[in-house]
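# Fold and contact review
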Amino acid sequence: LEDFTERVLSAYPSASFVVEPKIDGLSVSLEYRNGRLIRGSTRGNGDVGEEITENLKTIRSIPQRIPENISFLEVRGEVYMPRQVFLNLLKEQELKGEKTFKNPRNAAAGSLRQKDAKITEQRNLDIFVFNVQQYDGPEELVSHKHSIDYLAQLGFHTIPSCVPCKTIKECEAEIQKIGEERYALPFDIDGAVIKTDNLQFRRSLGSTAKFPRWAIAYKYPPEERQTKLLDVEIGVGRTGVLTPTAVFEPVLVAGSVIGRATLHNQDFINEKGIRIGDTITIRKAGDVIPEVVNVISHETEGEPFRIPDRCPSCGGPVTREPGEAAVRCNNPSCPAQLLRILIHFCSKAGMDIDGLGESVLELLLEQKLVQNPADIYNLTKEDLISLDRMGEKSASNLLTAIAKSKQNDLSMLLSAFGIRHVGDKAAKVLADSFGSMEALEQATAEEITAVDGFGEISARSVTEFFRRPETKELLSRLRAAGVNMTSKKKAPSDLRFAGKTFVITGTLSRYKRTEAQALIERHGGKCAGSVSRKTDYLLAGDAAGSKLEKAKTLGVPVLSEEEFEMLLK
Ligand code: ZN
């Protein structure tokens, strides 16, 4: 800060400054021509961003018209999501089992970049305009403060405080004041900005490639508080992972009272040496997620807290796999896992059953109406109406959504199972490659590793899943309920490669490897990872190496891409 003010003052002794809070949101540029908003875009550090005019128009505090005698105006602003709006959105997303935003800034950016401007509109975003970038109009703007007041007159939401400061002392005092008040504000700020006020001086000072020379940002350190660790609670996640949570005497940190923070795993606890009764330091990472920074003092002697070796939910033994930090309960009918499993099954990442979120599932579990994902398909209207706060209308909507999900593609069902190491993308690849649940049930780990992107660990995880008796039971019940078990992608009608095993090697020029593989599979063939006597064809692109050698030695026919295409025709 001192370097900055000195540099400016040595060039312009009469210069003065303004200090503003730096809003933690997404920077945008708004351009007006002859009084009309013609373009809105995201702005990074001087980079040209993507155009998002339609989305920006949904923000009510952005004027779409200004006086016509302003022939051109470009302003910069920060689009943000008010903290309360963010917290409400978080609750809603959790309820629906959707992926949640990490903090208000991510939420603002994610909402603004929606393809559908209607969604942006529902997110209640707001803007603070903080700079005039270009201006051609009737009034002569001499200072930054003057331009901000002028923008406010034109109807813009301008930066909430813009305080003129003559000296570095005054700047520092204002920075401190903003820092003290930051958590009382209804939105997040990530610092303060000190700007040269005189616009003429600004133009002469100019910019470097990325930053203006007439301004400097100040970042506040995260606020930290000390408190006492009262307890460590052990929760059980969907995949059976035992997660330790610190419960401490509630403290006000970064604008809200917190009393809990995750301790991640045993390694984290050991590294910090955490014991119940300790005095610990708490802060919020990115001002949002509570975290334990360190231990100040121990109250008792002894070893760090140990995660128990029995699952707190089902009492079963837990295991820690080599190379993994997580301790896990492997009992598939563990009740704590059941709710998580059901939430995932119904979520957007799974079967996408609208209206079947955490709160309804909790009730269904309590009433023992659902104890397994297959039970969802046996629910009746009477069952649903018997639930608290469930009206006739929502009950029939929910039944419709459940019935609709029966038609889902195999990839969604696979993803809904939440097989370890198989996310929604991998589920899609599996569904496309194997085409049906039956094919997958019979697949060997070797056949799965032949699929692009599948390693040994994920392949073994899939075969283990299908080998379990609970899985067999679940599948037979889902089948009986009429749940679709085939992939729409794969319709094997032309089976000219039936029984043939291909190996692909080298760089293909006409297809991606996965495309060639899909072509082979769609025609009934199989792909393997390595050449053996059982290989029928080697499809070789450019720079084929050892596999080509081996094929030649074994007398396996080698196909060029052209020859492969001939076979397909
Ligand atoms: Zn358990």
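Predicted model only: the values in this text are computed from it and were never measured.

## Focus on the overall build of the protein chain
Looking only at helices and strands, the protein chain has 22 helices and 20 strands in total. A buried classification covers 47% of the 569 residues belonging to the protein chain. Of the contacts made within the protein chain by residues no fewer than 6 positions apart, 64% connect residues no fewer than 24 positions apart. For the protein chain, the accessible area works out to roughly 29,000 Å², and carbon and sulfur atoms hold 50% of it.

## Focus: the nonpolar core
Ile353, Leu356, Ile376, Tyr377, Leu414 and Phe417 are the most contacted members of the largest nonpolar core, which has 54 residues in total. Of all the elements in the fold, those that place two or more residues in this core are helix H10 (335-346), helix H11 (358-366), helix H13 (392-405), helix H14 (410-416), helix H15 (424-434), helix H16 (437-442), helix H18 (456-467) and helix H19 (469-480). The biggest single contributor to this core is H10, with six residues. In contact with Ile353, not counting residues within four places along its chain, are Cys346, Ile376, Tyr377, Leu398, Ala401, Ile402 and Ser405. Residues Ile59, Ile62, Val75 and Phe101 belong to the second largest nonpolar core, which totals 32 residues.

## Notes on the packing of H18 against H19
Helix-helix packing: each pair is described by the crossing angle between the helix axes and the interaxial distance. Remark: H18 packs on H19, axes separated minimally by 5 Å, with the N-to-C direction vectors making an angle of 70°. By the angle between their directions, the pair H18 and H19 is classed as roughly perpendicular. When H18 is examined against H19, the residues Phe465, Phe466 and Arg467 are found in contact with a partner set consisting of Pro469, Thr471, Lys472 and Leu475. Each residue belonging to the contact of H18 with H19 can be placed in one class, and the counts come to four nonpolar, one polar and two charged.

## Quick word on the coordination of the zinc ion
The expected angle between donors at a tetrahedral four-coordinate metal is 109.5 degrees. At an octahedral six-coordinate metal it is 90 or 180 degrees. Those protein atoms acting as donors to the zinc ion are Cys311 (SG), Cys314 (SG), Cys329 (SG) and Cys334 (SG), and they sit at 2.2 to 2.4 Å. Geometry at the zinc ion is tetrahedral, judged from the four donor atoms that bind it and their angles of 100 to 118° at the metal. In primary sequence terms, the donor set of the zinc ion follows C-x2-C-x14-C-x4-C. One end of the pair, Cys311, is in the loop between strand S14 (289-297) and strand S15 (318-320); the other, Cys329, is in strand S16 (residues 327-329), and 18 residues separate them in sequence. What makes Cys329 buried here is its relative accessible area of 2%.

## Observations concerning the sheet that holds strand S9 (residues 215-218)
Taken in spatial order, the four strands of this open sheet run S7-S1-S8-S9, and their pairing is antiparallel. Because the sheet does not close on itself, it has two edges, and the strands there are strand S7 (163-165) and S9. For this sheet, the mean inter-axis angle between neighbouring strands, taken without regard to orientation, is 30°. By the bridge criterion, four bridges tie strand S8 (residues 189-196) to S9 in an arrangement that is antiparallel. Within the sheet, the bridge partner assigned to Ala192 lies in S9 and is Tyr218.

## A short note on the packing of aromatic side chains
All chains considered together, the criterion is met by 15 aromatic pairs. Judged by centre distance (4.8 Å) and plane angle (5°), the rings of Tyr80 and Phe128 are stacked. A residue pair is termed long-range when its members are at least 10 positions apart, and Tyr80 in strand S5 (residues 72-80) and Phe128 in strand S6 (residues 126-136) qualify at 48 residues. For the pair Tyr80 and Phe128, a shared accessibility class is recorded, and that class is buried. When the centroid spacing of 6.3 Å and the interplanar angle of 25° are considered together, the rings of Phe497 and Phe564 count as stacked. Taken together, the residues Phe497 in the loop between H19 and strand S17 (501-505) and Phe564 in helix H22 (residues 561-568) connect sequence positions 67 residues apart. Ring pairs connect the aromatic residues Phe345, Phe417, Phe465 and Phe466, which therefore count as one cluster.

## Brief notes about unusual backbone geometry
Excluding glycine, residues mostly carry a negative phi; peptide bonds, for their part, are mostly trans. The backbone phi angle of Asn34 is positive, close to 45°, even though this residue is not glycine. Counting through the fold element by element, Asn34 comes out in the loop between strand S2 (26-33) and strand S3 (36-43).

## Describing the sheet that holds strand S13 (residues 279-285)
The strand order S12-S11-S10-S13-S14 describes an open sheet built from five strands, whose pairing is antiparallel. Two strands lie at the open edges of the sheet, namely strand S12 (256-262) and S14, each paired on one side alone. Shown here is a sheet whose adjacent strand axes are inclined to one another by a mean of 40°, direction ignored. Pairing analysis gives six bridges linking strand S11 (residues 242-253) to S12, with the strands arranged antiparallel. The partner of Val253 across the bridge, within S12, is Ser256.

## Looking at H10
The terminal C-alpha atoms of H10 lie 17 Å apart, and with twelve residues this matches the ideal 16 Å at 1.5 Å per residue to within 8%. Within the span of H10, buried status applies to Gln337, Leu338, Leu339, Leu342, Ile343, His344, Phe345 and Cys346. On its buried side, H10 packs onto strand S10 (224-236), S16, H11 and H14.

## Looking at the environment of Val253
Relative to the elements of secondary structure, Val253 occurs in strand S11. By relative accessible area, Val253 is classed as buried at 0%. Linking Val253 and Thr120, residues 133 residues apart in sequence, is a C-alpha distance of 30 Å.

## Structural notes on the confidence of the model for the protein chain
Interpretation of this model should avoid reading the predicted coordinates in detail wherever pLDDT is low. Scored by pLDDT, the protein chain has a mean of 89; 97% of the residues are at 70 or more. Summarising per-element confidence for the protein chain, the mean pLDDT is lowest in strand S4 (residues 48-51) (78) and highest in helix H6 (residues 144-153) (96).

## With respect to the pairing of strand S19 (residues 537-540)
Residues Tyr537 and Leu539 line one face of S19 and the alternating positions Leu538 and Ala540 line the opposite face, and both faces are buried. Here S17 pairs with S19 via four bridges, running parallel. Among the inter-strand pairings, Phe502 is bridged to a residue of S19, identified as Tyr537. Alignment of S19 against strand S20 (residues 558-559), held across two bridges, turns out to be parallel. Among the inter-strand pairings, Leu538 is bridged to a residue of S20, identified as Val558.

## Considering the pattern of salt bridges
In this structure the tally under the stated criterion is 26 salt bridges. Note that Arg105 and Asp24 form a salt bridge whose closest N and O atoms lie 2.7 Å from each other. Linking Arg105 in helix H4 (residues 104-112) with Asp24 in the loop between strand S1 (17-23) and S2, this pair joins segments that are 81 residues apart in sequence. Owing to a relative accessible area of 13%, Asp24 belongs among the buried residues under this scheme. Across the pair Arg510 and Glu562 runs a salt bridge, and its minimum N-O distance is 3.0 Å. Placement of Arg510 in the loop between S17 and helix H20 (513-522) and of Glu562 in helix H22 is noted, with a sequence separation of 52 residues between them. Among the ionic contacts, a cluster of salt bridges with common partners joins Glu31, Arg39 and Glu51.

Rules used in this analysis
- Residues numbered from 1 in each chain as written.
- Predicted model: local features only at pLDDT ≥ 70, side-chain atom pairs only at ≥ 80, totals over all residues.
- Heavy atoms only, no water.
- Helix = DSSP H or I, 4+ residues; strand = E, 2+ residues; numbered from the N terminus.
- Buried < 20%, exposed > 50% of the residue type's maximum accessible area, 1.4 Å probe, protein only.
- Contact = heavy atoms within 4.5 Å.
- Areas by Shrake-Rupley, 256 points an atom, 1.4 Å probe, with all protein chains shown as cover.
- Core = buried A, V, L, I, M, F, W, Y, C linked by side-chain atoms within 4.5 Å.
- Axes fitted to C-alpha atoms, helices over the stretch in contact; angles between N-to-C directions.
- Parallel < 35°, antiparallel > 145°, perpendicular 65-115°, else oblique.
- Nonpolar A, V, L, I, M, F, W, Y, C, P; charged D, E, K, R; others polar.
- Donors = N, O, S within 2.8 Å, 3.2 Å for Na, K, Ca; no water.
- Tetrahedral: all angles 85-135°; square planar, octahedral: opposite > 155°, others 65-115°.
- Pairing = 2+ DSSP bridges.
- Phe/Tyr/Trp six-rings, centres within 6.5 Å; stacked < 30°, edge-to-face > 60°.
- Expected span 1.5 Å × (residues − 1).
- pLDDT = per-residue confidence, 0-100.
- Salt bridge = Lys/Arg side-chain N within 4 Å of Asp/Glu carboxyl O.

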